[in-house]
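Each chain, letter by letter, is given below.
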Amino acid sequence: MIPEELIARLDERACVVVLTGAGISAASGVPTFRGTDGLWKNYRATDLATPEAFAQDPALVWEWYGWRRDLVRACQPNPAHRALVDLAPMVARLAIVTQNVDGLHERASAEVPVLRLHGSLWQMRCVACGREIENHEPGPAPGELPRCTSCGELLRPSVVWFGEALDDWVLGQAGQLTSEATVFMVVGTSGVVYPAASFAALAAQAGAYVVSFNVDDGARSDSAHDHVNSPCEVSMPLLVREVAARRP
Ligand code: BJW
Ligand code: ZN
């Protein structure tokens, strides 16, 4: 199931970048955005993940984020998150570039670097003064609107909605890592959201060997040299076992 070339390329000199999406957290019980389980509490995630939705009805958007925060808090990292932690010491460098806001990579290990392209469910930002706070408390409960302790204005989830720019520094780092990668793995993402969706092609152009891991054959990246069509919570631990078995 695991491409032989991938196992061979994951040697002690490999510079590995892993781009992850919602599919890597599916086995933890976190719903994905698109596809059959892509319904989030009767709302289309992609309708609420916009600045327009927040401007129009901040209470509705916060109710949705409060519900998601409570749901994700009860979830645990799964074997796919843990496999990346196990793979890291076997290669020269491994970095995770994630579209996920759930924090499950970070909970699987504090040691493997994680670049969060789309922000975090556990951070809030003031719409007026920009003050950013970390918050791991339950909620907010429906009807509750969190406010900035400095200026009293509304806090918003510190995530990247459609039409909003990604953080410059994060985007620059992700581009740098991608261009230096010898192996680029694309795990559990539909690959439709930009700029994340362009990274696999950049990696391939820069000479990386690109492999996608997805339960959907249709989500195979155009730039991928190989595709592993199976649940990543199965294929990633298997990959790590195969790499470990080659080591003396
Ligand atoms: C499994 C599995 C298992 C299941 N094992 N696999 C170029 C072309 C066209 C459009 C654009 C473009 N550039 C920009 C755009 C516009 C837009 C965009 O990309 N639109 C497209 C939809 C067409 N992009 C943006 O707006 C971005 N901003 C931007 O470009 O700004 C420019 C700018 C510059 C300067 C000033 C101002 C603006 C921002 C995009 C932000 C995306 N935000 C969200 C919400 C985050 C917050 C939150 O979570 O609440 O991010 S949307 C949502 O989609 C979320 C995700 O991170 C993202 C990607 O989804 P993902 O992870 O791929 O999930 P799914 O559900 O789609 O797929 C899951 C996959 O897993 C599936 O394939 C399953 O098969 C698989 N799977 N179980 C393996 N067990
Ligand atoms: Zn403020």
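Conventions used here
- Residues numbered from 1 in each chain as written.
- Chains lettered and ligands numbered in written order.
- Predicted model: local features only at pLDDT ≥ 70, side-chain atom pairs only at ≥ 80, totals over all residues.
- Heavy atoms only, no water.
- Donors = N, O, S within 2.8 Å, 3.2 Å for Na, K, Ca; no water.
- Tetrahedral: all angles 85-135°; square planar, octahedral: opposite > 155°, others 65-115°.
- Helix = DSSP H or I, 4+ residues; strand = E, 2+ residues; numbered from the N terminus.
- Buried < 20%, exposed > 50% of the residue type's maximum accessible area, 1.4 Å probe, protein only.
- Phe/Tyr/Trp six-rings, centres within 6.5 Å; stacked < 30°, edge-to-face > 60°.
- Pairing = 2+ DSSP bridges.
- Axes fitted to C-alpha atoms, helices over the stretch in contact; angles between N-to-C directions.
- Contact = heavy atoms within 4.5 Å.
- Right-handed = clockwise from strand over helix to strand, strands pointing away.

**Examining the coordination of the zinc ion (ligand 2)**
And step 1. On the protein side, the zinc ion (ligand 2) has Cys126 (SG), Cys129 (SG), Cys148 (SG) and Cys151 (SG) as donor atoms, found 2.3 to 2.4 Å from it.
And step 2. The site at the zinc ion (ligand 2) holds 4 donor atoms, and with the angles between them running 96 to 122°, its shape is tetrahedral.
And step 3. All donor residues of the zinc ion (ligand 2) come from one chain, and their arrangement in sequence is C-x2-C-x18-C-x2-C. With Cys126 in strand β6 (residues 119-126) and Cys148 in the loop between β7 (132-134) and β8 (155-159), this residue pair connects regions lying 22 residues apart in the sequence. Side by side, Cys126 and Cys148 carry an identical accessibility label, which is buried.

**Let's talk about the packing of aromatic side chains**
And step 1. For the structure shown, the criterion picks out 4 aromatic pairs.
And step 2. Plain terms: the ring middles of Trp62 and Tyr65 are 6.5 Å apart, the flat faces sit at 75° to each other, and that makes the pair edge-to-face. Note that Trp62 and Tyr65 are positioned in helix α4 (residues 58-73) at a spacing of 3 residues, about one turn of the helix.
And step 3. Relative accessible area serves as the criterion here: at 3%, Tyr65 is assigned to the buried category.
And step 4. An aromatic cluster of three or more residues is present, and its members are Phe54, Trp62, Trp64, Tyr65 and Trp161.

**Considerations on the sheet that holds strand β4 (residues 93-98)**
And step 1. Read across the sheet, 6 strands follow the order β5-β4-β1-β9-β10-β11 without closing on themselves; strand pairing throughout is parallel. Every interior strand has two partners, whereas the edge strands, β5 (114-116) and β11 (226-228), have only one. Averaged over neighbouring strand pairs, the angle between their axes works out to 20° when direction is ignored.
And step 2. Examined bridge by bridge, β4 and β5 share 3 bridges and lie parallel to one another. Within the sheet, the bridge partner assigned to Ile96 lies in β5 and is Val114.
And step 3. The strands touched by helix α7 (residues 168-180) are β1 (15-20), β4, β5 and β9 (183-187); relative to β5, the strand with the most contacts, the crossing angle is about 130°.

**Topic: the pairing of β9**
And step 1. Within β9, 5 of the 5 residues are buried, which leaves the element mostly enclosed by the surrounding structure.
And step 2. Because side chains alternate across β9, one face comprises the buried residues Val183, Met185 and Val187, and the other comprises Phe184 and Val186, equally buried.
And step 3. Across 5 bridges, the pairing between β1 and β9 is parallel. Pairing of Val16 across the sheet is with Val183, part of β9.
And step 4. Summarising the sheet, β9 and strand β10 (residues 209-213) pair through 5 bridges and their orientation is parallel. Opposite Val187, over in β10, you have Phe213 as the bridge partner.
And step 5. Remark: the β9/helix α8 (residues 199-205)/β10 crossover connection has right-handed handedness.

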